[in-house]
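Report on the structure
Each chain, written out:
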Amino acid sequence: MNGSVDAVITVTDQQDNLSEVLKSLRNQTISYKNLIIAVRTGLLEEAVLKELAAKYHARTILLDADYEGMFFNAGLKACTSDFVLFMDGSASPMRNDLTALLLEDMKEEYTAVSFGHLVSDFSAPTRSRAQQSFFYQEVSGDYSFRDIYKYGMRVFMHRNACALYRRSAFEKTGVFENVCLSRPEYLWCARALYQDLTIHYNADARVNYNLKRSLKAAFQDSFDCGVLQAMYPQILGMTVQMTRIYDDRPYPILNVSMGEIYEDQRDYAVTTARKYGAVLPGPGLSFSCLLKKLGDRLGKYYHRLPLSFVRAFSSRREYWAVN
């Protein structure tokens, strides 16, 4: 697959392996036309950032922002290539042909994005590794509009921790939501599918990335996702039937709910935990998935809850101060 590639690394939380990520990207078999680091102001010392930028020939963008979509869009605006690779500042490629693998997925013009396989480090808790592996399994796949009926929200649930986008696809879908309570990637994927584009998951494009979260953080994250569905019902599947006709017949937007997805995640995590070295998965694993199901349920009905409850349940208190 031919085409130039830019890489955008977003650094929105404190982490200490940005240098390793930059080194790994520079060692990729495909070189980047532009390497851009979008950093939240104050996270890294200015001298350290300048040193890294000079060493790896990268451009830096400092943003005094709170929302991921702002970092994605700032990086995207600085890109000029046919394809844009988004990487999280704490995600480390596990092979030097990662970009080449993702680029190979973009042969078809209707493929909008290819997402990488986020793999938990062995140092992560068994519960976290088993749960993460539910969303990032060992089989690659393409997803189109039709798959919304079969998989529900799971079709949209991908992360920009490692994702290669076709830049021209943004002409159809628009850019990411700047001020989005949670997961602007989900909204973008949904819009891409509604434009008859497809998204790809590449199980071989492996990236070391741990979603280490406390039970409280997991609950808040699922609550925010529930709120997101309620705020964008026509996009994320809260309505009963499509507002458009596909292949001459109506398709329901959502056949599999988030609650069902979390139940499947619990069952999958429990049955697969042993391969990560656990004799018994423990009650914490099941409880975590059930807690996320509760968070999602409450989030969908956030408008019926007191604002004080909503702010306590959400991971972004600042969002509710102005919205």
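Above: the structure in question.
What comes next is a walk through the structure.

Re the overall build of the protein
- Tallying secondary structure elements over the protein gives 14 helices and nine strands in all.
- Looking at the 323 residues of the protein, the share that counts as buried comes to 53%.
- Pairs at least 24 residues apart make up 78% of the contacts formed inside the protein by residues separated by at least 6 positions.

Focus on the environment of T198
- In this fold, T198 is placed in strand β9 (residues 198-208).
- For the pair T198 and S144, spaced 54 residues apart in the sequence, the C-alpha separation amounts to 4.8 Å.
- Setting aside anything within four residues of it in sequence, one finds T198 in contact with Y110, T111, A112, V113, Y143, S144 and L193.

Overview of the pairing of strand β1 (residues 5-11)
- With seven of its seven residues buried, β1 lies for the most part within the structure.
- Burial along β1 is two-sided: V5, A7, I9 and V11 facing one way and D6, V8 and T10 facing the other are all buried.
- Examined bridge by bridge, β1 and strand β2 (residues 34-40) share six bridges and lie parallel to one another. Counterpart to I9 in the pairing with β2 is I37.

So, helix α2 (residues 46-55)
- Of the positions making up α2, those classed as buried are L49, L52 and A53. The buried residues of α2 occupy one face: seen down the axis, they fall within an arc of 100°. Those residues of α2 that are exposed and aimed more than 90 degrees away from the buried face are A47, K50, E51, A54 and K55.
- The inward-facing, buried residues of α2 abut α1 (18-26), β2 and β3 (59-63).
- Of the residues trailing α2, H57 is marked for its positive phi of about 55°.

Quick notes on the packing of aromatic side chains
- In total, this model carries 19 aromatic pairs according to the counting rule given.
- Among the aromatic residues, ring-to-ring pairing joins F72, F86, F115, Y165, F170, F176 and W188 into one connected group.

Quick notes on the pattern of salt bridges
- Across all of its chains, the model carries 10 salt bridges by this definition.
- One salt bridge connects R166 with E109, and the closest N-O pair in it is separated by 3.8 Å. Residue R166 is found in strand β8 (residues 162-166), and its partner E109 is found in the loop between α4 (98-104) and β6 (111-119); the two are separated by 57 residues along the sequence.

Thoughts on the nonpolar core
- I9, L85, M87, F156, Y165 and W188 are the most contacted members of the largest nonpolar core, which totals 82 residues.
- Not counting residues within four places of it along the chain, the set of residues in contact with W188 comprises A112, V113, Y165, A169, F170, T173, G174, V175 and F176.
- Counting residues in each nonpolar core, the second largest holds eight residues, with F223, V227, Y302 and V310 among its members.

Some words on unusual backbone geometry
- Positive phi outside glycine occurs at H57, with the angle close to 55°.
- Along the chain, H57 turns up in the loop between α2 and β3.
- Here H57 falls in the exposed class, since its relative accessible area comes to 63%.
- Of note in this structure, R183 is not a glycine but carries a positive phi near 50°.
- In this fold, R183 is placed in the loop between α7 (170-173) and α8 (184-194).
- Overall, R183 belongs to the buried group, its relative accessible area being 10%.

Cut-off values and rules
- Residues numbered from 1 in each chain as written.
- Predicted model: local features only at pLDDT ≥ 70, side-chain atom pairs only at ≥ 80, totals over all residues.
- Heavy atoms only, no water.
- Helix = DSSP H or I, 4+ residues; strand = E, 2+ residues; numbered from the N terminus.
- Buried < 20%, exposed > 50% of the residue type's maximum accessible area, 1.4 Å probe, protein only.
- Contact = heavy atoms within 4.5 Å.
- Pairing = 2+ DSSP bridges.
- Arc of directions from axis to C-beta.
- Phe/Tyr/Trp six-rings, centres within 6.5 Å; stacked < 30°, edge-to-face > 60°.
- Salt bridge = Lys/Arg side-chain N within 4 Å of Asp/Glu carboxyl O.
- Core = buried A, V, L, I, M, F, W, Y, C linked by side-chain atoms within 4.5 Å.

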